[in-house]
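Next come the chains, spelled out residue by residue.
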Amino acid sequence: KEILQPPSRQTTATTADGTKGKLVIVEGSMRMGGQEHFYLEPNSSLVIPSESATRLTIYASTQAPTKTQDFCARVTNTSAAKVVCRMKRMGGGFGGKETRSVFASVAAAVAAKVTNRPVRLTLGRDVDMSITGGRHAFLAKYKAGAIVDEVNGGVKLHALDVQLYNNGGCKFDLTGPVLDRALFHVDNCYYWPNFHSVGTPCKTSQPPHTAFRGFGGPQGMVVTEHIMDHLALACNVPGDQLRRDNMYTLDDATPFGMRFGLSFTGKWNVPSMWDRIHAELDVPGRRAAAAEFNKNNKWKKRGVSLLPTKFGIAFTAKFMNQGGALVHLYTDGTVLVSHGGTEMGQGLHTKVCQVAAQAFGIPLDDVYVDDSSTDKVANTLPSAASMSTDLYGMATLDACRQILKRLQPIKDSLPPGSTLKEVAKKGFFERVDMSAHGFFAVDDDRCGYDWAKDAPEGYPADLPENSWKGHPFNYFTQGVALAEVEIDVLTGDHKTLFADVLVDVGSSINPAIDIGQIEGAFVQGMGWSTMEEIVYADDDHTWIRPRAKMFTTGPGTYKIPAFNDVPERFDVSLLEDAENPFAVHSSKAIGEPPFFLGCSVFFAIKDAVAAARRGREEEGLSSADDNAIGDHFEFRLPATSERIRMACGDAISSECISSVGGLASSFQPKGSV
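In this text the structure is predicted, and so the values were computed from the model without any measurement.

## Describing the overall build of the protein
No. 1: Each helix and strand in the protein was counted, giving 15 helices and 18 strands.
No. 2: Scaling as 2.2 N^0.38, a compact globule of 673 residues should have a C-alpha radius of gyration of about 26 Å, and the protein matches this with 27 Å.
No. 3: Oriented by its inertia axes, the alpha-carbon framework of the protein measures out at about 90 × 60 × 55 Å.
No. 4: Each of the 673 residues in the protein was classed as buried or not, and the buried ones make up 58%.

Listed below in structure tokens is the structure:
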């Protein structure tokens, strides 16, 4: 029998520095649902045969041109050299076209090969949503402890034991790597002196689930923040204080052996960013104002949440941390770039153009990025893990520097101030090669992690535990977000009154693009955690058949954030003076890291729901069978209107819940979570 709300237990313990205190132990679980990519352009592919069907040209909406080329070549018994995949731009991807786009191209390729005619295959929205999978749903079961100082009442985290289970669907796809990243992020920004985590991929009858922006990281961090809320309540301390007092310092190391600081992961900015937001936005004042509002309003409640994040940047598979680019300089002084990344609206091509333009000292309009094509840059990796600018920006810079080095004698022979056009023209007549292939790979000691590797004999004892297994991330992109919401207790509706996001993106190559990525990621994270509920045929939805059939296969049943869901006031800032020595032009990756910050809206809703539950208890409405309404509760994600309404625990919802034999303190609506 599952115990949803076990009581906390207390004993005594001593911290590593000798501080004695009361050890508070909590146990519980947390569930979160999946998410549909809902890209504007469904999976689509056009395959054109030529040379009597001995050659195939594929125009595909994919994040993985080389994977598409490889699979199409194999199923049609055509050599890879005779199959070209071209990708100009996608109408959105979000990870959904990293692996799950390939089958559409393969089907079209077989038909084109057999008929020797062009074949186009575009999936309908309902078909795309039904069969391509989405974000992995997670279940976490945990036991955590913290020590309350007997003298000053401060609380220090002591231990965490957590088991993560993710719903992989009927095939493995990327379930293992997604679970890996969840395990790498289940510490979030907090130091646990004793830490144990286990991940278990689960096979179900659903379609194979796959990559999605964040790739397991947000799920891991949601679990952490849920545990922090639980511990704060059990230790009777404010959640903000518990979080701030237990953030990593430069003396600490993560459970997987990474340290913080300039020579390890760059500047550790989360604590100072937290302090800045906390002070400048007067978080205590906002919480006091929300409490006053809640005191004066029975059916409207407000909540506030302040959350930090650190997101590791690198592919966890070491071999994937590489990229190439091909650069041509023409005699009119213009530049053509082809690289291995794909453009899906994230601004990659624009940033690559900026890198090349700065290298050659020419206007941005004089640089053009051609489509991503396997006959220009071969053996590419999928555009994912927020690594594209890091890889292809550096590869482009490498190619530009090769050309400039060859042209330096020509430039020296011309009058000072000569234009690139003049240099290129003379270089051509001097028979200088003005094309170059650039390549970049993250240093061996800054990527890759071997989970099974044992400590070598004689490994230095002063190095962190598990550091011998590798260095899974090149650096961390960091951020802090504050959200304030208002819920309607009677309907479960909510609105986001305010959101402020501060992100460390290093020295931004293009602040406008980075701010746009932060805004988009925040809203997408907010959607996942508040309204995007997926429903499958299962034991709780027997009216959908056959089993595992997806019900939410279009905008009529699956709701993504709309204009009126955007925070009424939405402020985004980039951290100043935050150069990053480990990426191109001191920048940082930005695509995925802000996604989790959108969950600040979820935790603000949870804070408002908690206020409603406390209000019911204060009014003496708790029954003898349901006396835990004001205690810790598992608020499952997403926070849909139904879930908000039923979690508030007022007399109306309690009567409905008791009619089916439930308790308001632990009742959960029957979503596919």
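## Focus: unusual backbone geometry
No. 1: Note the cis peptide between R545 and P546, where omega equals 5°.
No. 2: On the secondary structure map, P546 appears in the loop between α12 (511-530) and β18 (569-574).
No. 3: A positive phi is found at S52, a non-glycine position, where the angle reads about 55°.
No. 4: Looking at S52, the relative accessible area reads 64%, which means it is exposed.
No. 5: Residue D282 is not a glycine yet carries a positive backbone phi of 50°.
No. 6: Secondary-structure assignment places D282 in the loop between α7 (270-280) and α8 (283-296).

## Quick word on the packing of aromatic side chains
No. 1: All told, the structure shown has 21 aromatic pairs when counted by the stated rule.
No. 2: Pairwise contacts between aromatic rings join F184, Y191, Y248, F256, F260, W268, Y449, W451, F473 and F476 into one cluster.
No. 3: Its end group placed over the ring of F71, R74 keeps NZ or CZ at 4.8 Å from the ring centre.
No. 4: Stacked on the ring of F38, the Lys or Arg R125 has its end atom at 4.8 Å from the ring centre.

## Some points on the packing of helix α9 (residues 348-360) against helix α10 (residues 388-413)
No. 1: At a closest axis distance of 9 Å, the pairing of α9 and α10 adopts a crossing angle of 25°. For the element pair α9 / α10, the angle class is roughly parallel. As α9 runs across α10, the sense of the crossing is right-handed. Residue-level inspection shows L348, K351, V352, V355, A356, A359 and F360 of α9 in contact with α10, the latter providing S388, T389, Y392, G393, T396, L397, C400, I403 and L404.
No. 2: Residues that form the contact of α9 with α10 fall into these classes: 11 nonpolar, four polar and one charged.

## Observations regarding helix α11 (residues 420-429)
In an α-helix there are 3.6 residues to a turn, and that puts residues three or four apart on one side.
No. 1: Every buried residue of α11 is accounted for by L420, V423, A424 and G427. The arc that holds the buried residues of α11, viewed along the axis, is 95°, so those residues lie on one side.
No. 2: R431 sits one or two residues past α11 and shows a positive phi near 60°.

## Digging into the nonpolar core
No. 1: Ranked by size, the top nonpolar core spans 120 residues in total, and within it L164, W192, V222, L231, I605, V609 and F635 carry the most contacts.
No. 2: Looking at this core, the element that brings in the most residues is helix α13 (residues 599-618), giving 10 residues.
No. 3: Residues within four places of V222 in sequence aside, it is in contact with M30, M32, W528, F596, C599, F603 and L637.

## Regarding the pattern of salt bridges
No. 1: Under the criterion given, the structure shown has 25 salt bridges.
No. 2: One salt bridge connects R74 with D70, and the closest N-O pair in it is separated by 3.1 Å. You can see R74 and its partner D70 sitting in helix α1 (residues 65-75), four residues apart, about one turn around the helix.
No. 3: Judged by relative accessible area, which is 55%, R74 ranks as exposed.

## Quick word on the environment of T200
No. 1: Assignment of secondary structure puts T200 in strand β9 (residues 194-203).
No. 2: Overall, T200 belongs to the partly exposed group, its relative accessible area being 30%.
No. 3: Residues T200 and N167 lie 33 residues apart in sequence; the distance between their C-alpha atoms is 9.2 Å.
No. 4: The residues touching T200, leaving out its near neighbours within four places in the chain, are L164, Y165, N166 and L179.

## Structural notes on the sheet that holds strand β17 (residues 494-504)
No. 1: Spatial strand order, β10-β16-β17-β18: four strands in an open sheet with mixed pairing. Strands at the two margins of the open sheet, each flanked by one partner only, are β10 (300-313) and β18. When the angles between neighbouring strand axes are averaged without regard to direction, this sheet yields 10°.
No. 2: Of the strand pairs in this sheet, β10 and strand β16 (residues 475-488) are connected by 14 bridges, and their pairing is antiparallel. When the sheet's bridge partners are listed, R302 is paired in β16 with E486.
No. 3: Running over the sheet, α12 touches β16, β17 and β18 and is turned about 130° from β18.

## A short note on the state of the cysteines
No. 1: What the rule picks out here adds up to zero disulfides.
No. 2: Here C202 stays free of any disulfide, with the sulfur of C170 as its closest cysteine sulfur at 14 Å.
No. 3: Of all cysteine sulfurs in the structure, the one in C656 sits closest to C648, which takes part in no disulfide; the separation is 13 Å.

## Looking at the side chain of S653
No. 1: Mapped onto the elements, S653 comes out in helix α15 (residues 651-659).
No. 2: What makes S653 buried here is its relative accessible area of 2%.
No. 3: Dropping the residues within four chain positions of it, S653 is found in contact with R645 and M646.

## Some thoughts on the sheet that holds strand β11 (residues 322-329)
Two strands in a sheet stick together by hydrogen bonds in their backbones, pointing the same way (parallel) or opposite ways (antiparallel).
No. 1: On the basis of which strands lie adjacent, the open sheet formed by four strands has the order β13-β12-β11-β15 and mixed pairing. At either margin of the open sheet sits one strand with a lone partner, and together these are β13 (367-369) and β15 (435-441). For this sheet, the mean angle separating the axes of adjacent strands, direction not counted, is 20°.
No. 2: Bridge count for strand β12 (residues 335-339) against β13 is three bridges, and the pairing is parallel. The residue of β13 that forms the bridge with L336 is Y368.
No. 3: Each of β11, β12 and β15 touches α10; the most contacted strand, β15, lies at about 140° to it.

What counts as what
- Residues numbered from 1 in each chain as written.
- Predicted model: local features only at pLDDT ≥ 70, side-chain atom pairs only at ≥ 80, totals over all residues.
- Heavy atoms only, no water.
- Helix = DSSP H or I, 4+ residues; strand = E, 2+ residues; numbered from the N terminus.
- Rg over C-alpha atoms; globule rule 2.2 N^0.38 Å.
- Buried < 20%, exposed > 50% of the residue type's maximum accessible area, 1.4 Å probe, protein only.
- Phe/Tyr/Trp six-rings, centres within 6.5 Å; stacked < 30°, edge-to-face > 60°.
- Lys NZ or Arg CZ within 6 Å of the ring centre and 35° of its normal.
- Axes fitted to C-alpha atoms, helices over the stretch in contact; angles between N-to-C directions.
- Parallel < 35°, antiparallel > 145°, perpendicular 65-115°, else oblique.
- Left-handed = near helix turned anticlockwise from the far one by under 90°.
- Contact = heavy atoms within 4.5 Å.
- Nonpolar A, V, L, I, M, F, W, Y, C, P; charged D, E, K, R; others polar.
- Arc of directions from axis to C-beta.
- Core = buried A, V, L, I, M, F, W, Y, C linked by side-chain atoms within 4.5 Å.
- Salt bridge = Lys/Arg side-chain N within 4 Å of Asp/Glu carboxyl O.
- Pairing = 2+ DSSP bridges.
- Disulfide = S-S within 2.5 Å.

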